[in-house]
Amino acid sequence: MVLYIDPGSGSIVLQLIIATVTGIIFILVRVRTQIKLFFHRLFSKSKKEKK
Amino acid sequence: MIHSASFRDPSGFVFTENNEIFRAVKMSYQQNYEQLMQSGLYDELVLKGLLIPHIEVKKNILPVHESYKIIKPEKVLFISYPYEWCFSQMKDAGLVMLEIQKIALHHGMILKDASAFNIQFHKGRLVLVDTLSFEKYNDNKPWIAYRQFCEHFIAPLALMHFLDQRLNFLFTSNIDGIPLELAVKMLPVKAKLRLGIYMHLILHSRLKVKYSNRNIDKFKIRTISKNSLYGLIHSLDTTIRTMKFKPISSVWSNYSEVTNPVYSENKKQIVMEFISQINPQLIFDIGANTGNYSALINNNKTAIIAIDTDYQCIEKFYEQIKSNNVQNILPLVNDIANPSSSIGWRNNERNSLLERINPDLVLMLAIFHHLVINNQIQLNMIVEFLSNLSKWIIIEYVPESDEQFKLMTQNRQGDFVYYSETCFEQGFIIAFDIICKRKILGSERVLYFMKKK
């Protein structure tokens, strides 16, 4: 890989730390959104059926 | 001719020919270019107005073994630099860069470059102009441009948000972005308590020092999953979004609200009448304030570069343009008495304001007296400057009897004995023909419409 900017060793180390933590949060948020969406769909379906 | 700023990227370079811009793609970039074009990344970015569109052309410029393709990107009317942007322009540019990064990852690519100079205003939108900024994303590799992103966006935005908007001027002496340790030294304690700022600036700057000159390949853990990378982008995005423009009242940002409505309405009419006589393609509005007059010219045939020294004014102007989706006006922070200079290698990487602008018409409304009084620039110097700059000018003369003039000169009586309408006209007719002059209702001020001799 040709690098023409210096990524900086410290920046890589920090990125690994931050990305691991934020990556977990990111996944959790996504899972939460999907669960919310699932229930939302479920309830809107049952409402439609009632109608 | 190879562009003077295009020497860092090993993947290609920009060159001009007959006033047209081209980008040469080298053989070494072939695989990346193919992925950009074939993965759907290019199409999605162009469709969303995030990347400058280009066409492939046939030209011979490189030695055959090095050349892969020559592309012709759409021409950006005016190249502006981050040190000429107000807070919201800077913020939007950072968010656009992150949006591009997210889309690139979806298509198996990543930004290898996060320079703020690669983002430009084009048809009212912020676009990435460096088509060769992408490379194939290798699973589990970190983002090499992370530090650059922090130095080009997070650091200047934090300084502008927590301290003073004018601090993005530090870019002029730090062409590679504002050093993290410099930003950290200046930031107040309340900034350091913000998680995003703490991580991306403070911790970042500490680790930068701690690990300087260490070979990254020797670290045992050097992988980063794609989800983690999305997490990092999300964190940068949130850090930027939490920084907001804080309006403070400046002398000039409320100027248009305090002026006499009869005067400003009549001035608008006269300005429009003058402009309609020549239909210029590019107007340079010097001392635009919040854009009351340039905003009148809302047609896509006339482009306007509007400058003002006041950050609050440009911020107001930019927000207004954004909310009205105006495409032909670009407001920038700049001082005509001290315009952006040329910086970088051999003073030739980023050009000065005056090298970049070539207007058909200059608008100088209620600014001439400021140059004379505040900047002590003499009449003949202003005339010479304008005659070198533009064929047409619309200039407002503020007489000695004007309240504003009296206020500005109250402690300097006797300094402006040669300031009069007659002197003004005599000075200008050396280089210009006065096509029309009109007194503005509700004031003693006069608007001149002139053509270069």
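Scope of this entry: the structure provided in the associated data block. Note that the structure is predicted; figures quoted are calculated from it, not measured. (Residues numbered from 1 in each chain as written. Chains lettered and ligands numbered in written order. Predicted model: local features only at pLDDT ≥ 70, side-chain atom pairs only at ≥ 80, totals over all residues. Heavy atoms only, no water.)

**Regarding the overall build of chain B**
Within chain B, the secondary structure is distributed over 16 helices and 15 strands. Computed over the C-alpha atoms, the radius of gyration of chain B is 24 Å, within 12% of the 22 Å expected from 2.2 N^0.38 for a compact globule of 453 residues. Along the longest, intermediate and shortest principal axes, the C-alpha atoms of chain B span 75 × 55 × 40 Å. Residues counted as buried form 55% of the 453 residues belonging to chain B. If you take every contact in chain B between residues at least 6 apart in sequence, the share linking residues at least 24 apart comes to 72%. Where the 51 positive side-chain charges of chain B centre and where its 44 negative ones centre are 7 Å apart. (Helix = DSSP H or I, 4+ residues; strand = E, 2+ residues; numbered from the N terminus. Rg over C-alpha atoms; globule rule 2.2 N^0.38 Å. Buried < 20%, exposed > 50% of the residue type's maximum accessible area, 1.4 Å probe, protein only. Contact = heavy atoms within 4.5 Å. Lys, Arg positive; Asp, Glu negative; His and termini not counted. Charge placed at Lys NZ, Arg CZ, Asp CG, Glu CD.)

**Examining the packing of aromatic side chains**
Applying the stated rule across the entire model yields 24 aromatic pairs over all chains. Aromatic side chains A:Phe39 and A:Phe43 sit 6.5 Å apart centroid to centroid with 25 degrees between the ring planes, which places their arrangement in the stacked category. Taken together, the positions of A:Phe39 and A:Phe43, both in helix α1 (residues 9–50) and four residues apart, correspond to about one turn of that helix. Through a chain of ring-to-ring contacts, the aromatic side chains of B:Phe368, B:Tyr397, B:Phe405, B:Tyr419, B:Phe424, B:Phe428, B:Phe432 and B:Tyr448 assemble into a single cluster. Across from the ring centre of B:Tyr68, 4.9 Å away, lies the NZ or CZ of B:Lys69, which sits over that ring. (Phe/Tyr/Trp six-rings, centres within 6.5 Å; stacked < 30°, edge-to-face > 60°. Lys NZ or Arg CZ within 6 Å of the ring centre and 35° of its normal.)

**Describing the interface of chain A and chain B**
Facing 25 residues of chain A, the contacting portion of chain B comprises 36 residues. Summed over both sides, the interface of chain A with chain B buries roughly 2,700 Å², with 72% coming from carbon and sulfur. Where chain A meets chain B, there are five residue pairs in polar contact (both at pLDDT 80 or more). Residues belonging to the side of chain A that touches chain B are distributed by class as follows: 15 nonpolar, eight polar and two charged. (Buried area = accessible area lost by both parts, 1.4 Å probe. Polar contact = N/O pair within 3.5 Å; in protein donor to acceptor, adjacent residues only side chain to side chain. Nonpolar A, V, L, I, M, F, W, Y, C, P; charged D, E, K, R; others polar.)

**Structural notes on a positive patch on the surface**
Together, B:Lys190, B:Arg194, B:Lys244 and B:Lys246 make up a positively charged patch on the protein surface. By the element assignment, B:Lys244 lies in the loop between α8 (226–242) and α9 (255–258). (Patch = residues over 30% accessible without salt bridge, like charges linked within 9 Å, V, L, I, M, F, W, Y side chains within 5 Å. Areas by Shrake-Rupley, 256 points an atom, 1.4 Å probe, with all protein chains shown as cover. Salt bridge = Lys/Arg side-chain N within 4 Å of Asp/Glu carboxyl O.)

**What about the pattern of salt bridges?**
Residue and element names in this part refer to chain B. All chains considered together, the criterion is met by 22 salt bridges over all chains. Residue Glu-181 is joined to Lys-208 by a salt bridge in which the shortest nitrogen-to-oxygen separation is 3.2 Å. With Glu-181 in helix α5 (residues 180–186) and Lys-208 in helix α7 (residues 195–210), this pair connects stretches of sequence that are 27 residues apart. A residue is classified by how much of its surface remains accessible, and Lys-208, at 18% relative accessible area, is buried. Measuring nitrogen to oxygen at the nearest pair gives 2.6 Å for the salt bridge that ties Glu-396 to Lys-267. Here Glu-396 is found in strand β13 (residues 392–397), whereas its partner Lys-267 is found in helix α10 (residues 261–276), with 129 residues between them in sequence. On the basis of relative accessible area, Lys-267 is assigned to the buried category, the value being 3%. One continuous salt-bridge network, built from bridges that share partners, spans Arg-147, Glu-151, Glu-181 and Lys-208.

**Considering helix α1 (residues 30–38) of chain B**
All names here are of chain B. Where α1 is concerned, the buried positions are Asn-32, Tyr-33 and Leu-36. The arc enclosing the buried residues of α1, seen along the axis, measures out at 100 degrees, which places them on a common side. In α1, the exposed residues that point more than 90 degrees away from the buried face are Gln-31 and Gln-38. Where α1 is buried, its residues contact β2 (20–26), α2 (41–47), β3 (54–57), β4 (67–73), β5 (109–111) and β8 (134–136). Gly-40 sits one or two residues past α1 and shows a positive phi near 95 degrees. (Arc of directions from axis to C-beta.)

**A short note on the packing of helix α3 (residues 87–106) of chain B against α8(B)**
All names here are of chain B. Packing of α3 against α8 leaves a shortest axis separation of 10 Å and a crossing angle of 165 degrees. In terms of orientation, α3 lies roughly antiparallel with respect to α8. Crossing geometry of α3 relative to α8 is assigned as left-handed. Residues Lys-91, Gly-94, Leu-95, Leu-98, Gln-101, Lys-102, Leu-105 and His-106 of α3 form the contact with α8, whose own contacting residues are Lys-226, Leu-229, Tyr-230, Ile-233, Leu-236, Asp-237, Ile-240 and Arg-241. Of the residues belonging to the contact of α3 with α8, the class tally is eight nonpolar, three polar and five charged. (Axes fitted to C-alpha atoms, helices over the stretch in contact; angles between N-to-C directions. Parallel < 35°, antiparallel > 145°, perpendicular 65-115°, else oblique. Left-handed = near helix turned anticlockwise from the far one by under 90°.)

**Thoughts on the environment of B:Leu187**
Residues and elements named next belong to chain B. Among the secondary structure elements, Leu-187 is positioned in the loop between α5 and α6 (189–192). On a C-alpha basis, the gap between Leu-187 and Ile-304 in space is 36 Å, while along the polypeptide they are 117 residues apart. Not counting chain neighbours up to four residues away, the residues in contact with Leu-187 comprise Ala-158, Leu-159, Phe-162, Leu-163, Lys-192, Ile-197 and Leu-201.

**A short note on a nonpolar patch on the surface**
Taken together, the side chains of A:Ile27, A:Val31, A:Ile35, A:Phe38, A:Phe39, A:Leu42 and A:Phe43 make up a nonpolar region of the molecular surface, amounting to roughly 650 Å² of accessible area. Relative accessible area serves as the criterion here: at 52%, A:Phe43 is assigned to the exposed category.

**A short note on the sheet that holds β13(B)**
All names here are of chain B. Strands sit in the order β11-β10-β9-β12-β13-β15-β14 across an open sheet of seven strands; the sheet is mixed. With one partner strand each, in any of the chains shown, β11 (329–333) and β14 (432–439) form the two edges of the open sheet. Across this sheet, the average inter-strand angle for adjacent strands is 20 degrees, counted without regard to direction. For strand β9 (residues 282–286) and strand β10 (residues 303–308), the ladder comprises five bridges, and the chain directions are parallel. Bridge pairing in β10 links Leu-282 to Ala-303. (Pairing = 2+ DSSP bridges.)

**Concerning the side chain of B:His161**
Residue and element names in this part refer to chain B. Structurally, His-161 is set in helix α4 (residues 146–162). A polar atom in the side chain of His-161 sits 2.9 Å from the backbone oxygen of Lys-244. Sequence-distant contacts of His-161, defined by excluding residues within four places in its chain, comprise Phe-87, Arg-194, Thr-242, Met-243, Lys-244 and Lys-246.

**Points about the nonpolar core**
All names here are of chain B. The biggest cluster of nonpolar side chains holds 126 residues, and the ones touching the most others in it are Phe-134, Trp-143 and Phe-428. Excluding its chain neighbours within four sequence positions, the residues that come into contact with Phe-428 are Phe-368, Leu-379, Ile-382, Val-383, Leu-386, Ile-393, Ile-395 and Met-450. In this structure, Ile-275, Ile-304, Ala-306 and Phe-317 belong to the second largest nonpolar core, which totals 24 residues. (Core = buried A, V, L, I, M, F, W, Y, C linked by side-chain atoms within 4.5 Å.)

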